[in-house]
Amino acid sequence: MQEQQQPCCRHKHTPRDEQTKKNLVNRLSRMIGQLGGIRKMVEEDRYCGDILLQIAAVESALQALGYIVLQDHMESCVVEEIQKGNTAIVDEAIELVKRLK
C-alpha cells in the first residue's frame, strides 16, 4: 500500500499582487547582499563587534519581512479559510505567530 505524499509546497488561493511580490523580493535581495557582506567580513577577519552589528541588522530585516508576510497571511489566507468555515486555521495562525517571535 502506497502512502499519499504531501505536495512540496502550497500556493495561496489569492495570489499576491505584483507590487507586493516585488517589495518582498527586494527586501530578500537586500538581505542576501547583507549576508554576502557578513561572509566577506568573516573571511577578512574583521572585528567581531562589526560582524555582530551586521548580523543584528539582517535578523531585524528578516523579522520585519516575517511580519509583512504574517499580516498578508492573516488578511488573506486566514480570512478566506474562516469564511469557508475552517476555524482550525486560527490554530495554525497562532502557531505561526509563536514561531515568528
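Per an unreviewed UniProt entry, the recorded name for the protein chain is Metal-sensing transcriptional repressor, and the organism is Candidatus Pullichristensenella stercorigallinarum.

Undergrad: Would you explain the confidence of the model for the protein chain in this entry?
TA: Interpretation of the predicted coordinates at a detailed level should be avoided for regions scoring low in pLDDT. Chain-level pLDDT for the protein chain is 91 on average; 92% of the residues reach the 70-or-more range. Contacts of residues 1–6 to residues separated by more than four positions or lying in other chains number zero contacts, the stretch itself having pLDDT below 50.

Undergrad: What is the right way to read the environment of methionine 31 from this model?
TA: Considering the arrangement of structural elements, one finds methionine 31 in helix α1 (residues 18–43). Under the relative-accessibility criterion, methionine 31 is labelled buried at 5%. Taking the C-alpha atoms as reference, methionine 31 lies 23 Å from lysine 98; in sequence the two are 67 residues apart. Leaving out residues up to four positions away in the same chain, methionine 31 has contacts with Val58, Ala61, Leu62 and Leu65.

Undergrad: What should I look at first to understand the environment of isoleucine 55 in this one?
TA: Examined against the element boundaries, isoleucine 55 turns out to sit in helix α2 (residues 48–83). The exposure class assigned to isoleucine 55 is partly exposed, which follows from its relative accessible area of 32%. Once the C-alpha coordinates of isoleucine 55 and glutamine 71 are considered, the two residues, 16 residues apart in sequence, prove to be 24 Å apart.

Undergrad: Mind showing me how you'd approach the side chain of histidine 73 here?
TA: Here histidine 73 is to be found in helix α2. When its relative accessible area of 16% is taken as the criterion, histidine 73 is described as buried. In contact with histidine 73, not counting residues within four places along its chain, are Val78, Glu92 and Leu96.

Undergrad: Looking at this structure, I do not really get unusual backbone geometry. What am I missing?
TA: Trans is the common state for peptide bonds, and a negative phi is the common state for residues other than glycine. Even without a glycine there, the phi angle at aspartate 45 is positive, about 55°. Residue aspartate 45 is classed as exposed on the basis of its relative accessible area of 71%.

Here is what the cut-offs are and how they apply
- The residue numbering used here restarts from 1 in each chain and proceeds along that chain's sequence as written.
- Local features in this predicted model are restricted to residues whose pLDDT is 70 or higher, and side-chain atom pairs enter the listing and the counts only when it is 80 or higher, whereas totals over whole chains, interfaces and linings include all residues.
- Computation of side-chain values covers all heavy atoms of the structure but excludes hydrogens and water.
- Note: pLDDT gives the predictor's confidence per residue, expressed from 0 to 100.
- The criterion used for residue contact is that any of the two residues' heavy atoms lie within 4.5 Å.
- Strands here mean DSSP runs of E at least two residues long; helices mean DSSP runs of H or I at least four residues long; both are numbered from the N terminus.
- Here the term buried applies to any residue with accessible area under 20% of the maximum for its type, exposed to any over 50%, and partly exposed to those in between, with areas from a 1.4 Å probe on protein chains only.

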